[in-house]
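Results of the structural survey
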Amino acid sequence: IYDGPALKSEEMGLQIHLHREDQVAILSHLQELGVGWVKTQVSWKLYQPEPNRFDEERFAELDRFIAAANEEGIRVLLGVAKAPEWSRPTTEFDGPPADNRLFQEFMATLGTRYRGRVAAYELWNEANLQREWNGVPLSAAALVELIRAGAAGVRSADPGATLISAAPATTGINDGIIAIDDRQYLQQMIAAGVVDVVDAIGAHPYGWANPPASSAYQGVPLTTSHNNHPSFYFGDTMADYRRILTEAGYETMPIWVTEFGWGSYDGLEAQPPAGLEYMAEVDEAQQAVYTRRAFAMAQEMPETGPLILWNLNFGPTLGSGYAESSYSLLRPDGTRRPVYEALSAVPRQ
């Protein structure tokens, strides 16, 4: 039963897996779910595997999908990250290029190809994690310089596109090697001038197993783990990011939630992998309620949105052996989870 406000389609979105998928089926799901946005990841290393060669198959399918989404009035957000191996000082994990001008050139290529058809770009992803920024020390200032280069590339080709800063990962870790705390990292990004480069700040306020309106500061935890740090709470992350921006003098800077969600292994006929045991504390019904509530909460937050839910279809693509499938609105067999039905049934404004 839903007794919250009608949701705004223009502030709702879904991330999809695109490569070699049934695009007609994806568009049908997006329409039925009533979302106004769709996000897909452009893994730079896959789209430009060699300095002078682009992957024609991937670009052709992206061309088709963007055209179809535009035809249906669904706006497209591309998240761009993961430098090609040929551009990096190491091939271990993922990370930035050795020369930021290469990222500028790639973003100019995207901006030229999709001018007026891609509404927004997210410039990099969770760079406060070693696995996303390997080969050089973790550094918010270095990320901002990479974002500055990428932004220049897009602006040179499509000045009307909206640019979003890379969202930090919420981890509760702050050792400076594996990760830098996302709040501290955001403050460092602001100090390095990110607000002068982008149109919105990206956020990934995952809730782990905690309900969206719960808080690390409320006293009695509602879960058995990942409950001792505000980074594990959807509401705390959103409130802290707004506070950090306001204290820095940017109270009207928009926050775009470019990933969020609650993983659940309920119904997947598998157990969460080591380190993700908290997912067993969220059943499919809770996943549906938490997700729906988060969309409604964000609508009441000033200068917030859209929210892009992770994810639509990784379940059928990857199967139950992958943690990404626990967030999927579709089960590995393609059937719809309760979160799918809950979102499609909510009245829209």
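Residues numbered from 1 in each chain as written. Predicted model: local features only at pLDDT ≥ 70, side-chain atom pairs only at ≥ 80, totals over all residues. Heavy atoms only, no water.

Following G305, the chain continues into P306 via a peptide bond in cis, with omega recorded as 5°. Secondary-structure assignment places P306 in strand 8 (residues 304–309). The residue after W310, namely N311, is reached through a cis peptide bond having omega 0°. In this structure, N311 sits in the loop between strand 8 and helix 9 (314–318). Backbone geometry places E303, a non-glycine residue, at a positive phi of 55°. In this structure, E303 sits in the loop between helix 8 (284–299) and strand 8. The partly exposed category is assigned to E303, whose relative accessible area is 39%. (Helix = DSSP H or I, 4+ residues; strand = E, 2+ residues; numbered from the N terminus. Buried < 20%, exposed > 50% of the residue type's maximum accessible area, 1.4 Å probe, protein only.)

With that settled, consider the pairing of strand 1 (residues 12–16). Summarising burial for strand 1: 5 of the 5 residues are buried, a large majority. Across the two faces of strand 1 the burial is the same, with M12, L14 and I16 and G13 and Q15 all buried. Sheet topology note: the strand 1/strand 8 ladder contains 3 bridges and is parallel. Paired with L14 across the strands is L309, a residue of strand 8. In this sheet, strand 2 (residues 37–43) lies alongside strand 1 in parallel orientation, the contact comprising 4 bridges. Within strand 2, the residue paired with G13 across the bridge is W37. You can see the chain leave strand 1, run along helix 1 (residues 23–33) and come back into strand 2, and the turn it takes is right-handed. (Pairing = 2+ DSSP bridges. Right-handed = clockwise from strand over helix to strand, strands pointing away.)

Bringing the packing of helix 8 against helix 10 (residues 338–345) into the picture now. Where helix 8 contacts helix 10, the axes come no closer than 8 Å and their chain directions differ by 35°. Read as a crossing pair, helix 8 and helix 10 show a hand that is right-handed. Residues E284, Q287, A288, T291, R292 and F295 of helix 8 form the contact with helix 10, whose participating residues are P338, V339, A342 and L343. (Axes fitted to C-alpha atoms, helices over the stretch in contact; angles between N-to-C directions. Left-handed = near helix turned anticlockwise from the far one by under 90°. Contact = heavy atoms within 4.5 Å.)

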